[in-house]
Amino acid sequence: MKINSFIYKLFIVNGLVAIFILGTYFTIDYFIKSKLEDITDKRKVIKTIVSEAEKVNINLLKSATLKSNKYLAEGIKNSNNLNALIEALDKYGYDTKQLKDDYSEFFKYSVMTTSMFIENRANEAIDNNNLAEEKQKKLAKTLSNLVLQLDHTQADITTKIDYLMMSSYFLLLIILIKNISYINYHFKVSKQRNEEIATMLETIGDGVYGVDLEGNCTFINQSALDMIQFSKEEVLHQHQHHLFHHHKPDGSHYESEECPIFKTLVDKKTRILKDSFIRKDNTFLPVSLTVSALEGRGAIVFFKDITEELNNEKNLQNRIDNKTKELQELNNNLEKTIKEEIEKNNYQFMLLEQQSRLAALGEMIGNIAHQWRQPLSAITVAISGLHLKYELEM
């Protein structure tokens, strides 16, 4: 996707450059063609001027030779056409003052020569004709200079065209070289970056794979392949959900719309959750998933095998259950022991209380005995005295 994006951008930039170059080329080409057409039109005008000048000369000579005003009128008509053509050259931007002066001199002496021949002034006519021929040569030279000027202009335009074409070829060559160089550099950097990413992915213990906007796998590392037990050829360009995410551990079908990877492709939100993949042997692999969107290119999925973690959790839960059972039993035993101890303490307390009562009773009896002991002693002494007296009397 990244390479396609690069090629697309490069194509757009080159397209814009090509449009600019072609636009400039056609603009200049149109300008040059206009100039060349302008030169062609000027050549036609000058050629027509030369033709009209020859007609003026011929008609004036015929008029002089045949002494006919008819050819004189034709010559004047040709002269008017020639003056109109000179005015046309003036509109093209030429400085026609010299041309007008040369033609005016030529026409003046040619008409004078014709008039003198008609008036039978042959000697003067010959002198004027010589001057007319000189003026004609001067006019021809002026026209020749105009043609030469046009040739120089055309040659200059042709040189500019050649320069433009060479510059265009050189510019296109530079663009082509730059494009090749830039494409080569981009692919070299891209290849190096891909190799670095591939090396990094291979060194990661977790499974990593990417999907495009359609959900097809675009890359996957070896750790991921080892966990799901597929080969790279079996996974690349395949729909990951249909390949190893199509059912849940309870056997129910896992709809694509429920798939967290599909959801991330839709809403671009990052998701972290526990899920299960299906190995090639159709056993389930419990995994911890992290799914993140790649803007405009799909999503990247990180996952790791949490089988050991789940087993540890299960073992821990069993230990907790056992400890809870032991604590419950201990609590029950403790309650029984406490109850027995309380009953024992109550019995001892009752004995102590009874002993206390007996002690109090004994003390009371002792006190009573002491109270009785004094009169009994007196009685005993009296009885003993009576007994002794009795014995003595006997």
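First, a word on what this report is: a plain description of the structure on this page. (Residues numbered from 1 in each chain as written. Predicted model: local features only at pLDDT ≥ 70, side-chain atom pairs only at ≥ 80, totals over all residues. Heavy atoms only, no water.)

## Structural notes on unusual backbone geometry
Right, so step 1: Positive phi outside glycine occurs at Gln229, with the angle close to 70 degrees.
Right, so step 2: For Gln229, the location among the structural elements is in the loop between helix 5 (222-228) and helix 6 (232-235).
Right, so step 3: The class of Gln229 is partly exposed, set by a relative accessible area of 38%.
Right, so step 4: Even without being a glycine, His237 presents a positive backbone phi close to 65 degrees.
Right, so step 5: Within the secondary structure, His237 sits in the loop between helix 6 and helix 7 (240-244). (Helix = DSSP H or I, 4+ residues; strand = E, 2+ residues; numbered from the N terminus. Buried < 20%, exposed > 50% of the residue type's maximum accessible area, 1.4 Å probe, protein only.)

## Let's talk about the pattern of salt bridges
Right, so step 1: Here the structure, examined in full by the defined rule, presents 11 salt bridges.
Right, so step 2: In this structure, the salt-bridge partner of Glu87 is Lys100, at a minimum N-O distance of 3.1 Å. Here Lys100 lies in helix 3 (residues 97-118) and Glu87 lies in helix 2 (residues 69-91), a separation of 13 residues in the sequence.
Right, so step 3: According to the relative accessible area criterion, Glu87 is partly exposed, its value standing at 38%. (Salt bridge = Lys/Arg side-chain N within 4 Å of Asp/Glu carboxyl O.)

## Focus on the sheet that holds strand 4 (residues 284-294)
Picture the strands of a sheet paired through backbone hydrogen bonds; they go either parallel or antiparallel.
Right, so step 1: One open sheet accounts for five strands, arranged 2-1-5-4-3; its pairing is antiparallel. The strands lining the two open edges of the sheet, one partner per strand, are strand 2 (217-220) and strand 3 (271-278). Ignoring strand direction, the axes of neighbouring strands in this sheet form an average angle of 30 degrees.
Right, so step 2: Sheet topology places strand 3 next to strand 4; eight bridges connect them, and they run antiparallel. Paired with Phe277 across the two strands is Leu285, which belongs to strand 4. (Pairing = 2+ DSSP bridges. Axes fitted to C-alpha atoms, helices over the stretch in contact; angles between N-to-C directions.)

## A short note on the nonpolar core
Right, so step 1: The biggest cluster of nonpolar side chains holds 24 residues, and the ones touching the most others in it are Ile49, Leu89, Leu99, Tyr103, Leu139, Leu143 and Leu146.
Right, so step 2: Contributing elements (two or more residues each) for this core: helix 1 (2-66), helix 2, helix 3 and helix 4 (122-203).
Right, so step 3: Here this core gets eight residues from one element, more than from any other, and that element is helix 1.
Right, so step 4: Those residues within four positions of Leu89 in sequence are excluded, and the remaining contacts are Val45, Ile46, Ile49, Tyr94, Thr96, Leu99 and Leu146.
Right, so step 5: Counting 22 residues, the second largest nonpolar core, distinct from the first, contains Val211, Val291, Val301 and Phe303. (Core = buried A, V, L, I, M, F, W, Y, C linked by side-chain atoms within 4.5 Å. Contact = heavy atoms within 4.5 Å.)

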